[in-house]
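Examination of the molecular architecture
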Amino acid sequence: MNNRLMTLPGKLFAQLFLIPFSVLGFATAGVTQDVSVRNPLAKPVLGETFPKAGFIFRGENRKAAGGDYEQWHDDIVGNVGIIRKFVREELDHPQRMDEARLSDYLKRYASEHPDELFLLHFNGRAKLFDFHEDQFFAGHYLQYAGVQCQSNIVPRQTVIELPSTKRFFLQKPFGSREPSDEDSIVILVERDRHGVIDWEHHEFAYLTAIDERKNTITLKRGAHGTQPRGYEKNGCYIAQIQQYRDRMMINFSLDCPQSPEGKTAADVYLDLFQNWFSQGGSLEAIDGIAFDVVYWDLNQKADTNVDGVADGGIVDGEPRWARGAYEFAKSIRERFGDDFVITADGHHEENQRAIGILSGIESEGLVQHNDGWRGISRTVNTHRYWNTFNTAKIQFSYIAAKLVNPDDAKHGKRLRRFAHAMAACLGIGCTIGIDEDVKGVEEEHYWLGKPIGPMRNLAESSNDVVYQMPDRVTEADVHAWTAGAGAVVSNHDRGGIKIGPRTDLSTQPDETAGVSSLRFELTLDLPPGDLFLAFDAKSSSALAGFEGTEVPRAISFDLDGHRRDPRVGKAALDIFSLVGPRDYFKSEFYVRNAGGRDGKKNVTIRFEVEGGGELFLKNLVIRNTPAVYVREFEHGVVLVNPSLDTYLFDLEKQFGSHTFERIQASPSSDSSDAVLNNGAIVDDPRAFAVGPVSAQFLSKQ
């Protein structure tokens, strides 16, 4: 469980919201973007028909991205939209990322293909230093806690003696690059004995060596166009800049230092967006932003308010970093209106949870970056939660169907089909077009048509029940549960159980972040085979520090001993769900081969929910069955089998009497399986086989 979001005391939280937002350093809603040029809801991919798949995702570094317009056009044409970088924020490729050229190409392409959706892929967490460096202020870059130098420093001095070097380290080069003496960056700035910083007198330097024995660091002075300066004894503060790969991270905390013009880093980004997305701006054709890594958590050694003390984004009990990221998203929505698409990563617990502000989330990889199938319940839970509770006018989430895990990449065709089918079932988009998106040789986008009903998990109808929570829980039922330190499990008068903090002692805080969490567990015997667990849960409040919002809490799941299963590995249990205060939400947790071949005795199932607020849980059922998904559309059906065994679908039972037919693979496609997609009519619809961790698209008549 990621417990880096600190509980915010009610009095402090109330005081926080008495402060005008502009005083906190962010732009207010006073300037609203003229979005009359945009009408994204008129674009088919945001309509009711499926598949919503075939986005061009990234690819700026490919050779074709640097050619003339015709080459650029031919490389991307024929899809439903583009999610790509059009500014060089984090890509140091001046020719391929020529912003004026890309702006011209984008405007021309958008006029020729007005039905496609265009999103700016934007890191948001870090940038190349020279990307609009004149707009950013030295204090806008995120720092680790630094040290006050106790001796004089002269401009030519490269070896600096410090009270301690423990707060400094040499940054590893990104990717396969060779180590360089410019990999690590520090800032030197005047700061008096009272902690007052004079930002005007600063310089950047490269950290090239650390001598822990002598307590010295070696610097290459005057980096990034700054000049080496002299500093008096006890008058220089030195801190390392936090980097994301080879880029400098930006401070999104509510405590980000303000420039002489009174702007925080978030304000600078808002101004840049205003210039890009306004009528006549370089990116006026863009329909919105797909943020990459605007996370809500932070390295615990970070010093967000630059007071020389590591705070990890949590100051005086307040989640100042996470709240700053939330307010940044909120200010973008206020600035650009409801017809502007905003997405961000949502596949990790530390990702954005700005329900009602963002349009939706991205899953980077079907499950996460290095997992194309194992922790499938994470994907189901997060996307279904957003689908259920998001109130944004435009709702758009998607899966970036990349396969980074080398073992997954060996099965690329099957796992991409698996991801695209899961996206169709969930009602979301998917990148990297495959044959099934356009019905093979027929080349028809959105060929499935509108959904006939929601996605169904056939595991929920299984009679192989291992445990079922009664509607009215007795004291004897409660005793089956064990509460962690600081928590108590009791029966709830509205059915099910209630998990809350003990009232006879203070809630036990997490050692690293000071935020409480509630742990509870159930021990039982498991039969051989798979485990599918589902329950309905509701939180008494939003995530601590976000009271009065729709921000949900994360609830994690673990199964004793199963991380050692070699067939799936620990990623299979790296799953979680979300719970919020508005209403009950059904979460599911699927574990393949949980009971092994012979069954297991006394297996402990553990849950942990963020924060100390009460959690209400009911309708818990544990079944000995695989999770398999189906969804019916006007012109076809989608079948998904995440299990490790072949599954036989009874198509007539699930969808009624139809003629089901495989699509016909296009002969030139390298993304299709010609055996599965052979155009044949299904001859036995009552026993249609889908292989392990695979999926099938079928048309129906």
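Described in the following lines is the structure provided in the data block. No experiment lies behind these values; they were computed from the predicted model shown.

**With respect to the side chain of D292**
Looking at the element boundaries, D292 is found in the loop between β13 (288-291) and β14 (314-315). Excluding residues that lie within four positions of it along the chain, D292 makes contacts with H121, F122, N123, D345 and E364.

**So, the sheet that holds strand β17 (residues 360-364)**
Strand order around the closed barrel formed by 8 strands is β1-β2-β3-β13-β16-β17-β18-β19, with parallel pairing between neighbours. Recorded for the sheet is a direction-independent mean angle of 25° between the axes of neighbouring strands. Pairing of strand β18 (residues 398-400) with strand β19 (residues 429-431), which is carried by 2 bridges, proceeds in the parallel orientation. Bridging from a neighbouring strand, Y398 pairs with G429 of β19. The sheet contacts of helix α2 (residues 69-76) involve β1 (52-57) and β2 (81-84), and relative to β2 the element is tilted by about 110°.

**Side note on the pairing of strand β30 (residues 600-610)**
Pairing between strand β25 (residues 517-526) and β30: 9 bridges, direction antiparallel. Looking at β30, one finds that L522 is bridged to I605. Here strand β27 (residues 553-559) pairs with β30 via 5 bridges, running antiparallel. Residue I555 lies in a different strand from β30, and its bridge partner there is V609.

**Digging into the sheet that holds strand β12 (residues 247-249)**
Taken in spatial order, the 3 strands line up as β4-β12-β11 in an open sheet, and their pairing is antiparallel. Among the strands making up the open sheet, the edge pair consists of β4 (126-127) and β11 (243-244). Pairing geometry for β11 and β12, over 2 bridges, is antiparallel. Residue pairing in the sheet places Y244 in a bridge with R247 of β12.

**Thoughts on the packing of aromatic side chains**
A full pass over the atoms with the stated rule returns 50 aromatic pairs. Ring geometry for F50 and F633: centres 5.5 Å apart, planes at 50°, overall tilted. In this pair, F50 sits in the loop between α1 (10-16) and β1 while F633 sits in the loop between β32 (629-632) and β33 (636-641), placing the two residues 583 residues apart along the sequence. Note on F50: relative accessible area 5%, which makes it buried. Residue classification places F633 among the buried positions, given a relative accessible area of 0%. With centroids separated by 5.5 Å and ring planes inclined at 80°, the aromatic side chains of Y144 and F169 adopt a geometry described as edge-to-face.

Rules behind the numbers
- Residues numbered from 1 in each chain as written.
- Predicted model: local features only at pLDDT ≥ 70, side-chain atom pairs only at ≥ 80, totals over all residues.
- Heavy atoms only, no water.
- Helix = DSSP H or I, 4+ residues; strand = E, 2+ residues; numbered from the N terminus.
- Contact = heavy atoms within 4.5 Å.
- Pairing = 2+ DSSP bridges.
- Axes fitted to C-alpha atoms, helices over the stretch in contact; angles between N-to-C directions.
- Phe/Tyr/Trp six-rings, centres within 6.5 Å; stacked < 30°, edge-to-face > 60°.
- Buried < 20%, exposed > 50% of the residue type's maximum accessible area, 1.4 Å probe, protein only.

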